[in-house]
Amino acid sequence: MSSSVRVLGRLGRLALQAHSPGTATSALGAVMGGGSRVGVPQGPMRNMNINVFRRTFAEAAPAAKPPPPPSGNPSTFLRVLLLGSVAAGGVFAYALFSSEMPQQGPLGGGAPEPLSSAKKDYGAVKAAVIDMLDVEDYDDGSYGPILVRLAWHSSGTYCKADGTGGSGGATMRFSPECKHGANAGLAKAREILEPIKRRFPWISYGDLWTLAGCAALEGMGGPEIKWRPGRVDAADETACTPDGRLPDATKGAPHIRDVFGRMGFSDREIVALSGAHALGRCHTDRSGFSGPWTNAPTTFSNLYFTELMTTKWTKKKWAGPLQYEDPTGTLMMLPTDMSLIWDSKFKKVVKEYADNEELFFKDFAAAFGKLIELGVKFPATA
């Protein structure tokens, strides 16, 4: 077998490896804005591919032949020597610059060097978020639910009447907004994302928080959310919104319509967004409530709606605020959750989503994509 055939065979195997399950595909990277996705090679497979490329180029590159012995003409010898050096240098440069250099993971093995602001790779940011979601000793084993909550609460302050609020300014960085009751516990979410912010310092907090929420949803099995960059962080606390713009879990349907209506959402969109309660759990040291809504709190699904429709809910007997529990005492619902089946218009949509998860995913992706863009003044090119 000739050397060239061996090289082609190795390159062919490498191409198959690059498209095998050993490499991360669409869920680990995306080109933001157009909706198309890119694969993001990760971990050992990435390094193995790079090493194979290097060996392949080394085999493919013919060794530079030494110049012939000098003749009687010194200028001929110099020309041959110069051409031989150029050829060898060209082979080296091809092998060097045609190989992809390994990149360090977002949180592993020391602090990665920040990427240049000239290379704004939002797909890499998304991949970094997904890569750090699973954490055995945190809650139910994932940072995902709290990152979704951060994106939701940083966006849900929008008021269509005066155009204030929304995710654009990332104003939860400042007091008093970071101390609002509805944001209790979200300091942890902001802390989780700081290593990624240090690695990609060019991304704004507003873009990072919303992109992290979208990445977390997708990483937990949810739909891809249309996302684009362009949020500009506020300079100080003067941009903070007043307390009370986020839903109060102790209230009913009129309150829900008032809060979501202020942002411009319909009844269907309200129910769709409420489906995010399929994820995570309540904590007594944050909201005062306790427990998960479903038995799969780190998997995005329509379970929230099926539980609402099929489970018998009764008031929980305890010293905490009013909440409802299932017959086992394991799952819970808030008063705002129960209002979705007590209100006839809301209940109709709840039933649709309980019966059709695909429809729920479609409507949720559209509503959440709308939520994270409320009030954002995107540049013309975003």
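These numbers come from a predicted model, not from an experiment.

Q: Where do I start with the side chain of Glu269 in this structure?
A: When you line up the elements, Glu269 lands in helix H9 (residues 267-274). In terms of polar contacts, Glu269 uses its side chain to reach the backbone amide nitrogen of Ser266, at 2.8 Å. Residues within four places of Glu269 in sequence aside, it is in contact with Gly264, Ala367 and Lys370.

Q: What is the right way to look at helix H7 (residues 205-219) in this model?
A: Given 3.6 residues per helical turn, the α-helix brings residues three or four places apart onto the same face. End to end, H7 covers 20 Å across 15 residues, agreeing with the expected 21 Å (1.5 Å per residue, within 8%). With 14 of 15 residues buried, H7 lies mostly within the body of the structure. Where H7 terminates, the next one or two residues include Gly221, which has phi positive at roughly 95 degrees.

Q: Explain the sheet that holds strand E4 (residues 324-325) here, please?
A: Hydrogen bonds between backbone groups are what pair the strands of a sheet, and the pairing can be parallel or antiparallel. The antiparallel open sheet is built from three strands, whose spatial order is E3-E4-E5. The open sheet has two edge strands, strand E3 (314-315) and strand E5 (332-333), and neither has a second partner. Judged from the two bridges that link them, E3 and E4 form a sheet pairing that is antiparallel. Paired with Thr314 across the two strands is Glu325, which belongs to E4.

Q: Would you explain the nonpolar core in this entry?
A: Most often, soluble globular proteins have nonpolar side chains that are buried together. Grouped together as the largest cluster of nonpolar side chains are 84 residues, with contacts concentrated most on Leu147 and Phe368. The leading source of residues in this core is H7, at nine residues. Excluding anything up to four places from it in sequence, Leu147 contacts Val129, Met132, Leu133, Ala189, Ile192, Leu193, Ala212, Gly213 and Ala216.

Q: How should I be thinking about the packing of aromatic side chains in this particular structure?
A: Two measures describe an aromatic ring pair: the distance that separates the ring centres and the angle between the ring planes. Per the stated rule, a full pass over the model turns up 18 aromatic pairs. When the ring of Phe200 is compared with that of Trp202, the centres are 6.0 Å apart and the planes differ by 75 degrees; the resulting orientation is edge-to-face. The pair formed by Phe200 and Trp202 is uniform in burial state, with each residue classed as buried. Between Phe364 and Phe368, the aromatic rings sit 5.4 Å apart at their centres with planes inclined by 20 degrees, giving stacked as the arrangement. Of this pair, Phe364 and Phe368 both sit in helix H13 (residues 357-371), separated by four residues, roughly a single helical turn.

Q: What's the story with empty space enclosed by the protein in this structure? I'm lost.
A: Any empty space left between the atoms is revealed when a probe the size of a water molecule rolls over them. Tallied over the full model, the rule gives two cavities of 30 Å³ or more. If you go around the largest cavity, the residues you meet are Thr157, Glu177, His180, Ala182, Asn183, Thr241, Pro242, Asp243, Gly244, Arg245 and Leu246. Within the lining of the largest cavity, the residues separate by chemical class into three nonpolar, five polar and three charged.

What counts, and where the lines are drawn
Residues numbered from 1 in each chain as written. Predicted model: local features only at pLDDT ≥ 70, side-chain atom pairs only at ≥ 80, totals over all residues. Heavy atoms only, no water. Helix = DSSP H or I, 4+ residues; strand = E, 2+ residues; numbered from the N terminus. Polar contact = N/O pair within 3.5 Å; in protein donor to acceptor, adjacent residues only side chain to side chain. Contact = heavy atoms within 4.5 Å. Expected span 1.5 Å × (residues − 1). Buried < 20%, exposed > 50% of the residue type's maximum accessible area, 1.4 Å probe, protein only. Pairing = 2+ DSSP bridges. Core = buried A, V, L, I, M, F, W, Y, C linked by side-chain atoms within 4.5 Å. Phe/Tyr/Trp six-rings, centres within 6.5 Å; stacked < 30°, edge-to-face > 60°. 1 Å grid on protein atoms, 1.4 Å probe; cavity = no way out; pocket = protein on both sides within 12 Å on 5 of 7 lines; lining within 4 Å. Points joined across faces, edges and corners; volume = space filled by probe spheres on them. Nonpolar A, V, L, I, M, F, W, Y, C, P; charged D, E, K, R; others polar.

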